[in-house]
Amino acid sequence: MLINSFNLFISIVLATCLVILQETMSNIFWLISVDMPVSLGIFLNTYFNNLYAMNLSGAIPLIALIAIGFLIAYLVTKIILIWVKVSKSYAYAFAGAAAVLAIVLLMPLAFYNLDILAGGRSILGKSILTFFGLLSGYYFGKKLEKQVVT
Amino acid sequence: MNRKIFIFLLTFISLYTYSKELNYSYETIADNLSHPWGIAVIDENDLLFTELSGQLRLVEDGLLKPEPIKGVPEVLFAGQGGLSGIILDPNFNLNKKIYIAFSSPDKGKSTNTLEVISAKLSADSLEEVKTIFKASPSRRTAAHYGARMAFLDDGTLLVTSGDGFNYRERAQYLDNHYGKIIRINTDGSIPDDNPFLTRENAKPEIWSYGHRNLQGITVINGIVYENEHGPMGGDELNIAEPSKNYGWPAITYGKDYSGATISPFTEKEGMEQPIKYWVPSIAPSGMAFYDGNLFPEWKGSLLVSALVPGDVRRLTLNGSKVTEEEILFSDLGRIRDVVTSPDGTIILATDGPNGKLIRVVTK
């Protein structure tokens, strides 16, 4: 139970860090495209600032939003896995992807079609964010599989 | 003895402060209004105003006419969209022409755009309604329209066009109307001295660019002042000039609502700096220049209405610098617009579904 909670926490933190990475990169890449003097130092500084600000000083703490999404998606997956026999890593990967995609798609509905996560405005952005959700879910599923084996 | 002097001074300072704070009072012109948004003063007792939900209303001889003015085009009343900015033609007394900016739904589509019409005001309806500007391309969002207007001294019309929220980067490109100040003639044609008229792939109506959501604009002695909402922090007061780039979103003093850094840069060569910015945000919503005699201590000030927390900022200008800021009318809630009347009174529109028009008078 304790190990599962720890893995769940790591999965949520991983997704949060990756979503923030995508948010940072989408802004930084555009700034580079308009000849703003972006250096590696500025990129890293912006990323670490975002890690703090998007969780502690934004309108909604991102980590809490992702935690809610993942908890719901993982719970549903756990129930489904009682009847459906598929690899846990794949099932939870799908759940993680679905959770992040749901967050990206549903948030605008609450804000007059406004994308609060600017990195998720384009189809490419949505796809990358979903992929990061998939990776985080895969990590969680893989850890669960390892526990079963040991 | 010292104690007596101290008490006397304290009493004097208290009375002075009290009288200074309360040298005005409020009169309600109209209440129970549906999101009042833009005001156009006709004379001391008459004015027109828009309600975001789609009504154009007339106050005549100080009294609100119960029926809205007919003939107003269909608007998209959603999010921040609706019937918005209004301005009288400089020759209104002769031609009765007015201009209205609003969010216009695209027929049969889920998109909408900023549209400006000209029309002739008759007794209780609009006539000769003509579209003179439509922002392109259309948007899916219902936010950041700008939708304020001002006349330049040469009779051309400036229209503020917001960045549409989701389309912020496009404010830096000239092939669209997001995040721009537009300059047109009153018949919708394009002035032949517009700065990007001959530039390839540029929209010829563009006058300045790199703006976010400009909701206040006024022209004083030929100088164009505009205020715009920043994101979380970074609201700006700018002096707008033709062809200039105001930087959004490449440079900004604000952060995104998610907390993310939109840009780590606040300045760059070739991009203009605001003459004032606010962090945290005040959500500047309207702007007027006070040139009346009723409040002589405010003469020559710029009045900026603010939604957050809800007040009017009186800014003292010295050339292109703001030298003083005073907070006024902070007991009325969110203020959507501020205008001045020829009699020197100030008229405010409070925001929301039960909005009011309030006249500020001397006590």
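Structure shown above.
The rules behind these values
Residues numbered from 1 in each chain as written. Chains lettered and ligands numbered in written order. Predicted model: local features only at pLDDT ≥ 70, side-chain atom pairs only at ≥ 80, totals over all residues. Helix = DSSP H or I, 4+ residues; strand = E, 2+ residues; numbered from the N terminus. Rg over C-alpha atoms; globule rule 2.2 N^0.38 Å. Pairing = 2+ DSSP bridges. Axes fitted to C-alpha atoms, helices over the stretch in contact; angles between N-to-C directions. Contact = placed C-beta atoms within 7 Å. Nonpolar A, V, L, I, M, F, W, Y, C, P; charged D, E, K, R; others polar. Expected span 1.5 Å × (residues − 1). Buried ≥ 20, exposed ≤ 12 C-beta atoms within 10 Å, placed from the backbone. Arc of directions from axis to C-beta.

This part is about the overall build of chain A. Along chain A, the regular secondary structure elements total five helices and zero strands. Along chain A, helices and strands appear, N-terminal first, in the series α-α-α-α-α. The C-alpha atoms of chain A give 16 Å as radius of gyration, which agrees with the globular expectation for 150 residues (15 Å, within 12%).

Residue and element names in this part refer to chain B. Ordered in space as 14-15-16-17, the four strands form an open sheet in which the pairing is antiparallel. One side of each edge strand has no neighbouring strand; the edge strands of this open sheet are strand 14 (213-220) and strand 17 (276-278). Strand-to-strand twist in this sheet, taken as the mean axis angle between neighbours without regard to direction, amounts to 20°.

Right, let's get into the interface of chain A and chain B. Of the residues lining the interface, 25 residues belong to chain A; the matching set on chain B comes to 23 residues. At the level of secondary structure, the elements contributing two or more residues to the side of chain A that touches chain B comprise helix 1 (2-33) and helix 2 (40-56) of chain A. Per element, the largest residue contribution to the side of chain A that touches chain B is seven residues, and it comes from helix 2 of chain A. For the side of chain A that touches chain B, the class distribution of residues is 14 nonpolar, eight polar and three charged.

It is worth spelling out the environment of Asn93(B) at this point. Among the structural elements, Asn93(B) can be located in helix 2 (residues 92-95). Placed 84 residues apart in sequence, Asn93(B) and His177(B) show a C-alpha to C-alpha distance of 32 Å.

To continue, consider unusual backbone geometry. Residues and elements named next belong to chain B. For the bond from Ser136 to Pro137, the omega torsion is 0°, close enough to zero to count as cis. Considering the arrangement of structural elements, one finds Pro137 in the loop between strand 9 (126-134) and strand 10 (146-151). Cis peptide bonds are those with omega within 30 degrees of zero, and the linkage from Val279 to Pro280 qualifies with 0°. You can see Pro280 is positioned in the loop between strand 17 and strand 18 (284-290).

We now examine the sheet that holds strand 11 (residues 157-161) of chain B. Residue and element names in this part refer to chain B. Spatial ordering of the open sheet is given by 10-11-12-13, a layout of four strands whose pairing is antiparallel. Edge positions in the open sheet fall to strand 10 and strand 13 (206-209), since each of these has one partner strand only. Between one strand and the next, the sheet's axes are offset by a mean angle of 20°, whatever the strand orientation. Relative to strand 13, strand 12 (residues 180-184) is paired through three bridges, and the arrangement is antiparallel. Bridge assignment links Lys180 to a residue of strand 13, and that residue is Tyr209.

Attention now goes to helix 3 (residues 62-83) of chain A. Residues and elements named next belong to chain A. Between its first and last C-alpha atoms helix 3 spans 32 Å; for 22 residues at 1.5 Å apiece the expected length is 32 Å, and the two agree. Inspection of helix 3 places Leu62, Ile63, Leu65, Ile66, Gly69, Phe70, Ala73, Tyr74 and Thr77 among the buried residues, and these make up the whole buried set. Mapping the buried residues of helix 3 onto a view down its axis gives an arc of 145°, with all of them on the same face. Turned more than 90 degrees away from the buried face of helix 3 sit Ala64, Leu75, Ile79 and Ile82, all of them exposed.

The next point concerns the environment of Leu75(A). Residues and elements named next belong to chain A. Note that Leu75 resides in helix 3. A count of 11 C-beta atoms within 10 Å places Leu75 in the exposed class. Sequence separation between Leu75 and Leu134 is 59 residues; the distance between their C-alpha atoms is 16 Å.

Another aspect to go through is helix 4 (residues 88-110) of chain A. Look at helix 4 of chain A: 32 Å from first C-alpha to last across 23 residues, which is about the 33 Å you get at 1.5 Å a residue. The first or second residue beyond helix 4 of chain A is Tyr112(A), which carries a positive phi of 50°.

Right, let's get into the pairing of strand 11 of chain B. Residue and element names in this part refer to chain B. Of all five residues that make up strand 11, five are buried, and the element is covered over most of its length. Alternating residues of strand 11 divide into Leu157, Val159 and Ser161 and Leu158 and Thr160, and every residue in both groups is buried. With four bridges connecting them, strand 10 and strand 11 associate as antiparallel partners. If you follow Gly146 over to strand 11, its bridge partner there is Ser161. The turn linking strand 10 back onto strand 11 is made up of five residues, and Gly155 within it adopts a positive phi angle of 90°.

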